[in-house]
Amino acid sequence: MKTTLENVTFRVSYPDISRSDEYYCRAENLIPGATQTLAKGPTQYVCGVAPKYLERGFGSHVWDVDGNRFIDYSMAVGPVSLGYCYQEVDSAIRQQLLKGISFSLMHPLEVELAELLRTTIPNAEMVRYSKTGADVTSAAVRLARAYTNRNKVLCCGYHGWHDWYVSVTTRNQGIPEEVRSLTHTFEYNNIDSLYRALDEDTACVILEPVTFQAPENGFLDRVRHACTENGTLLIFDEMWTGFRMAIGGAQEYFHVDADLATFSKAVANGMPLSILTGKKDVMKLCDQDIFFYTTFGGETLSLTAAVATIKELRRRNVPAHIARLSGQLRDGYNEIARNLGMHYTRCIGLDYRTMVVFDSDCGNQLEMKSLVQQELIKHGILWNGFHNISYSHTDEDIKYTLAAYEEALQTLREAVLHNRVTEMLRGTPVQPPFRKSTGFHTKPAL
Ligand SMILES: Cc1ncc(COP(=O)(O)O)c(C=O)c1O
């Protein structure tokens, strides 16, 4: 059942965030970076205006520790695909909780979920579980290296905090040069950049099949072909596309077959579960040749949440709901910007997930984003540039948000016109996200 609130009236003044600030003061010298996930942390929200700590959620709405309510467009940075406190998922968790969480032997849910995944994800001949996205992208890379008996990795996108990937970013301290030298990047929609980087030691190509830019000129088919030709495994990192773009992810949506695929986020409506799927001959190496095991891999609250979530995603055709509301928000935003003559901002992306961007020719992009965020916060909308829609977002949410955008963009337009963006900010502007969504971290082979 959908969790929606009716007749919601949001604030029209900047919220009191004093309890958030108190928690932050306590965290500052205790928790490095203050956060466990950069995208949720203090650098991504206007400091002094936006709340820092959330306490609860219901449907598409969240409440901060000061009691302020917001429509949420981050949804825990992706995982909450159905909505907060979604009845079918929560009752499955409660029922399992009565029986236990983690056990000393395997649990039937491991098999039941694997069977469900086999009928959901195109390449899921075999399935393994873990807890984080980085766990399964790293397992996929290790499998590819073992299967091909090669060492090098080519990537395009963001794939988590582990050495093999983070070595291509600027935060690469603590990673030996020997490891760094094995991973390089290629450019999305630039098949020549992939061909230039591929060589006889390339074990795998791993990419986010799509982010905010649609594949052009059969790019994904050509990547598949290049990999097959070179004896290189193709890995789709479906952390965002999985269960959201289509229930079977980008493989289903684009009809492109990956050797291995990795999932997390939307699959368990907020419970921590990641999934590795793949072709039997590759996955079979997990039996003997490679080691990929972890204590909490079979933890049952997440497994039961995933079963309930997948069933509900299917029953409600959630990707269609997400696509409809996401498309309305994107097109509505662009119409407002066009009508206001603001050529320097637009909303981009395919229907499954969209993002607002600002050009640098009219001012500082981060300050412009911060001003819009600040004005949306005033209207009770928690936004960091993205629209991660869930099944609980409603037409009313979208209507309300577009009305708030209209006001926020008018404010931005005036500020840009009179060169007053910096002055109008009531707090510290946001910083660039580490996990880039376009213009990924680059470290080409040549
Ligand atoms: C595409 C992609 N791959 C991998 C990861 C890493 O997942 P996790 O943070 O769960 O380790 C993320 C996280 O945002 C992601 O967006």
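What you see is a predicted model, and the numbers here were worked out from it, not measured in a lab. (Residues numbered from 1 in each chain as written. Predicted model: local features only at pLDDT ≥ 70, side-chain atom pairs only at ≥ 80, totals over all residues. Heavy atoms only, no water.)

Caption draft 1: How the structure looks around the overall build of the protein. When helices and strands are counted, the protein shows 15 helices and 14 strands. In summary, the protein has a C-alpha radius of gyration of 22 Å against a globular reference of 22 Å for 446 residues, a match within 12%. Counting across all 446 residues of the protein, residues that qualify as buried make up 57%. Summed over all atoms, the accessible surface of the protein reaches about 19600 Å², with 50% contributed by carbon and sulfur. Considering the protein, the positive charge centre built from 45 side chains and the negative charge centre built from 52 side chains are found 2 Å apart. (Helix = DSSP H or I, 4+ residues; strand = E, 2+ residues; numbered from the N terminus. Rg over C-alpha atoms; globule rule 2.2 N^0.38 Å. Buried < 20%, exposed > 50% of the residue type's maximum accessible area, 1.4 Å probe, protein only. Areas by Shrake-Rupley, 256 points an atom, 1.4 Å probe, with all protein chains shown as cover. Lys, Arg positive; Asp, Glu negative; His and termini not counted. Charge placed at Lys NZ, Arg CZ, Asp CG, Glu CD.)

Caption draft 2: Focus on unusual backbone geometry. Even without being a glycine, A34 presents a positive backbone phi close to 65°. Relative to the helices and strands, A34 resides in the loop between helix 1 (18-28) and strand 1 (54-58). For A34, a relative accessible area of 15% translates into the label buried. Within the chain, N269 stands out as a residue other than glycine whose phi angle is a positive 50°. Its location among the elements puts N269 in the loop between strand 9 (260-263) and strand 10 (274-278). For N269, a relative accessible area of 10% puts it in the buried group.

Caption draft 3: Seen up close, the layout of surface pockets. By volume, the largest pocket is sized at about 1300 Å³. Q36, T37, L38, Y158 and K265 are, among the 40 residues lining the largest pocket, the residues nearest its centre. (1 Å grid on protein atoms, 1.4 Å probe; cavity = no way out; pocket = protein on both sides within 12 Å on 5 of 7 lines; lining within 4 Å. Points joined across faces, edges and corners; volume = space filled by probe spheres on them.)

Caption draft 4: The arrangement of the environment of L194 in detail. Note on placement: L194 falls in helix 7 (residues 191-197). Beyond its immediate stretch of four places on either side in the chain, L194 contacts L154, F186, V205, V223 and A226. (Contact = heavy atoms within 4.5 Å.)

Caption draft 5: Just the site of the ligand, in detail. Lining the immediate surroundings of the ligand are T132, G133, A134, Y158, H159, G160, E208, D237, M239, W240, K265 and R435. The separation between an oxygen atom of the ligand and a polar main-chain atom of G133 is 2.8 Å. Contact distances for the ligand include 3.1 Å between a nitrogen atom and a backbone N or O atom of Y158. Contact with the protein chains covers 82% of the free accessible surface of the ligand, which is 390 Å². A majority-of-atoms criterion places the ligand in the largest pocket. Here the residues of the shell around the ligand are counted per class, giving four nonpolar, four polar and four charged. (Near = heavy atom within 4 Å. Polar contact = N/O pair within 3.5 Å; in protein donor to acceptor, adjacent residues only side chain to side chain. Sits in = over half its atoms within 2 Å of the grid points. Nonpolar A, V, L, I, M, F, W, Y, C, P; charged D, E, K, R; others polar.)

Caption draft 6: Structural view of the sheet that holds strand 3 (residues 69-72). As summarised here, the arrangement of the four strands in space is 1-2-3-13, forming an open sheet in which the pairing is mixed. Unpaired on one side and paired on the other, strand 1 and strand 13 (381-382) mark the two borders of the sheet. In this sheet, strand 13 lies alongside strand 3 in parallel orientation, the contact comprising two bridges. What sits directly across from I71, in strand 13, is I381. (Pairing = 2+ DSSP bridges.)

Caption draft 7: Representation of the sheet that holds strand 9 within the structure. With mixed pairing, seven strands are arranged side by side in an open sheet as 4-10-9-8-7-5-6. The open sheet has two free edges, formed respectively by strand 4 (126-130) and strand 6 (183-185), since each of these has just one partner strand. Averaged over neighbouring strand pairs, the angle between their axes works out to 20° when direction is ignored. Sheet topology note: the strand 4/strand 10 ladder contains five bridges and is antiparallel. Counterpart to Y129 in the pairing with strand 10 is I275. Relative to strand 10, helix 4 (residues 133-148) is tilted by about 25°, and along the sheet it contacts strand 4, strand 5 (152-156), strand 7 (202-207), strand 8 (233-237), strand 9 and strand 10. (Axes fitted to C-alpha atoms, helices over the stretch in contact; angles between N-to-C directions.)

Caption draft 8: Just helix 13 (residues 365-378), in detail. In this model, helix 13 (14 residues) spans 20 Å end to end at C-alpha, consistent with the 20 Å of a helix rising 1.5 Å per residue. With twelve of 14 residues buried, helix 13 lies mostly within the body of the structure. The inward-facing, buried residues of helix 13 abut strand 3, strand 12 (354-358), strand 13, helix 14 (395-417) and helix 15 (421-424). The backbone nitrogen of L366 lies 2.8 Å from a side-chain oxygen of the residue at the head of helix 13, namely N364. Once helix 13 ends, the next one or two residues include G380, with phi positive near 80°. (Expected span 1.5 Å × (residues − 1).)

Caption draft 9: Structural context of the packing of aromatic side chains. Applying the stated criterion across every chain, the model contains twelve aromatic pairs. An angle of 45° between the planes, with centres 5.4 Å apart, marks the rings of Y23 and Y53 as tilted. Residue Y23 is found in helix 1, and its partner Y53 is found in the loop between helix 1 and strand 1; the two are separated by 30 residues along the sequence. The class for Y23 is partly exposed, based on a relative accessible area of 32%. Taken together, a centroid distance of 5.9 Å and an interplanar angle of 35° make the contact between F212 and F386 tilted. Taken together, the positions of F212 in the loop between strand 7 and helix 8 (219-230) and F386 in strand 14 (residues 386-387) put the pair 174 residues apart, joining distant regions of the chain. Of the two residues examined, F212 and F386, each falls in the buried class. Aromatic ring contacts, followed pair by pair, group Y158, W164, Y165 and F434 into a single cluster. The lysine or arginine in question, K52, covers the ring of Y24, its NZ or CZ lying 4.8 Å from the ring centre. We note R56 situated over the ring of W63; from NZ or CZ to the ring centre the distance is 4.1 Å. (Phe/Tyr/Trp six-rings, centres within 6.5 Å; stacked < 30°, edge-to-face > 60°. Lys NZ or Arg CZ within 6 Å of the ring centre and 35° of its normal.)

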